[in-house]
Amino acid sequence: PLPGHGRKENKVSFSAIFRMPHVPGLFVLVLLIQVTLGYYYSFFPVYFSALPGSGTSLLGFAYLIAAISETPFLIFADRLYNRIGVGRLLCVAAAALTVRWTVLALTSNPVVVLCSQLLHGWGFIIVTVGMAKYLNDHAPGELKARAQAALSLVGAGLARVVGNLGGGLLGEAVGIQNGFFVVACVTFAALVVFAPIYLRQKPLNGEA
C-alpha cells in the first residue's frame, strides 16, 4: 500500500520512468532478450515436433523441465539481486540464452534439446524478477505501479509482438531452426554491448 500516492497534487508524468538513471538501458536490454523469448514461445513447439524421435509427450516434458529450471533462481533471487544487481543478472540471462539458442540452431537431437531447456531458468525468470525488484526499489512512490506496467508493456507486450511477427517472417525466410541462430546473434550482440557497462558499474540493486 502507498497511502496518498496518485493524488492530483502528487501526479508525476509517466515519461519520468524512462528518465530514471539506468532505466532506458535496462529496458533496451530487456526488450532484446524478450524478443528472442517471444520467438521461442511461438516457434519452439513447431521446431521440436519436427525433430526425429520427438512427439507431443516429449514436448510437454520439455516445458516441464523449463518450468522446474526456474526454481533455483527463485530460491536465491534476493541474494543474487543484492549481491550482483539487475544489470549483471540481465547479462547472465543474455549469455545463457545465447548458448541456448545456439544449441537449438545446431542440433536435431531431442535429448540435447531437452537438456537445453535447463537454461530457461537463467533467462525469463531472471529478467522478470530482477527488473520487478529493481523498479520497486528505485521508482518513486508515485510511479511504482506504472513502472511495473511499463515493464509489462516493454517486456511482455512490445517484445512479444516483435518476436511473434518478426519471428514469423524470419522463420519463413530462413527456416525455424536457422531462426534460432539469428536470435542467438541478437542476445550475443546485447551481451557485447551491455556487459562492459554493467560489469564496470557497481551492482544496480536495492542497496545501491
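A short tour of the structure in this document, coming up.

### With respect to the overall build of the protein
Okay, step 1: The helix and strand inventory of the protein stands at seven helices and zero strands.
Okay, step 2: Ordered by position in the sequence, the α and β elements of the protein form the string α-α-α-α-α-α-α.
Okay, step 3: Taken over C-alpha atoms, the radius of gyration comes to 18 Å for the protein, in line with the 17 Å a tight globule of 208 residues would show.
Okay, step 4: Principal-axis analysis of the C-alpha atoms gives the protein an extent of 60 × 35 × 30 Å.
Okay, step 5: Taken over 208 residues, the protein has a buried fraction of 42%.
Okay, step 6: Of the contacts formed within the protein by residues at least 6 apart in sequence, a portion of 84% connects residues at least 24 apart.
Okay, step 7: Carbon and sulfur atoms make up 69% of the accessible area of the protein, which amounts to about 10100 Å² in all.

### Quick word on the environment of A132
Okay, step 1: Relative to the assigned elements, A132 resides in helix 5 (residues 124-138).
Okay, step 2: Separated by 26 residues in sequence, A132 and L106 have C-alpha atoms that sit 33 Å apart.
Okay, step 3: Apart from residues lying up to four places away in sequence, A132 is in contact with Q148 and L151.

### Digging into a nonpolar patch on the surface
Okay, step 1: Taken together, the side chains of F61, L64 and I68 define a hydrophobic patch exposed on the protein surface, amounting to about 280 Å² of accessible area.
Okay, step 2: Along the polypeptide, I68 turns up in helix 2 (residues 56-68).

### A short note on the nonpolar core
Okay, step 1: Counting residues in hydrophobic clusters, the biggest one holds 56 residues, and the most contacted among them are F44, W101, M131 and F180.
Okay, step 2: Of all elements in the fold, only helix 1 (23-49), helix 2, helix 3 (71-106), helix 4 (110-116), helix 5, helix 6 (144-174) and helix 7 (176-200) reach the threshold of two or more residues within this core.
Okay, step 3: Discounting chain neighbours no more than four positions away, the residues touching F180 are Y39, Y40, F44, Y47, W101, L104 and A105.

### Comments concerning helix 3
Okay, step 1: When the terminal C-alpha atoms of helix 3 are compared, their 27 Å separation across 36 residues is substantially less than the 52 Å that a helix rising 1.5 Å per residue should span.
Okay, step 2: G85 marks where helix 3 bends most, by close to 100°.

### Remarks on the packing of helix 6 against helix 7
Each packed pair of helices is defined by two parameters, the angle between the axes and the distance between the axes.
Okay, step 1: At their nearest, the axes of helix 6 and helix 7 sit 7 Å apart, and the two run at 120° to each other. In terms of axis orientation, helix 6 runs oblique to helix 7. Once helix 6 is placed against helix 7, the crossing between them reads as right-handed. Of the residues in helix 7, those in contact with L170, G171 and V174 of helix 6 are I176, N178, G179 and V182.
Okay, step 2: Class assignment for the residues of the contact of helix 6 with helix 7 results in four nonpolar, three polar and no charged.

### A few points about the side chain of S54
Okay, step 1: Within the fold, S54 resides in the loop between helix 1 and helix 2.
Okay, step 2: A distance of 2.6 Å separates a polar atom in the side chain of S54 from the backbone oxygen of F48.
Okay, step 3: One polar contact links the side chain of S54 to the main-chain carbonyl oxygen of S49, over a distance of 3.3 Å.
Okay, step 4: Other than its neighbours up to four places away in sequence, S54 contacts F48, S49 and P110.

About the thresholds
- Residues numbered from 1 in each chain as written.
- Predicted model: local features only at pLDDT ≥ 70, side-chain atom pairs only at ≥ 80, totals over all residues.
- Heavy atoms only, no water.
- Helix = DSSP H or I, 4+ residues; strand = E, 2+ residues; numbered from the N terminus.
- Rg over C-alpha atoms; globule rule 2.2 N^0.38 Å.
- Buried < 20%, exposed > 50% of the residue type's maximum accessible area, 1.4 Å probe, protein only.
- Contact = heavy atoms within 4.5 Å.
- Areas by Shrake-Rupley, 256 points an atom, 1.4 Å probe, with all protein chains shown as cover.
- Patch = residues over 30% accessible without salt bridge, like charges linked within 9 Å, V, L, I, M, F, W, Y side chains within 5 Å.
- Salt bridge = Lys/Arg side-chain N within 4 Å of Asp/Glu carboxyl O.
- Core = buried A, V, L, I, M, F, W, Y, C linked by side-chain atoms within 4.5 Å.
- Expected span 1.5 Å × (residues − 1).
- Bend = angle between axes of the 7 residues up to and from the residue.
- Axes fitted to C-alpha atoms, helices over the stretch in contact; angles between N-to-C directions.
- Parallel < 35°, antiparallel > 145°, perpendicular 65-115°, else oblique.
- Left-handed = near helix turned anticlockwise from the far one by under 90°.
- Nonpolar A, V, L, I, M, F, W, Y, C, P; charged D, E, K, R; others polar.
- Polar contact = N/O pair within 3.5 Å; in protein donor to acceptor, adjacent residues only side chain to side chain.

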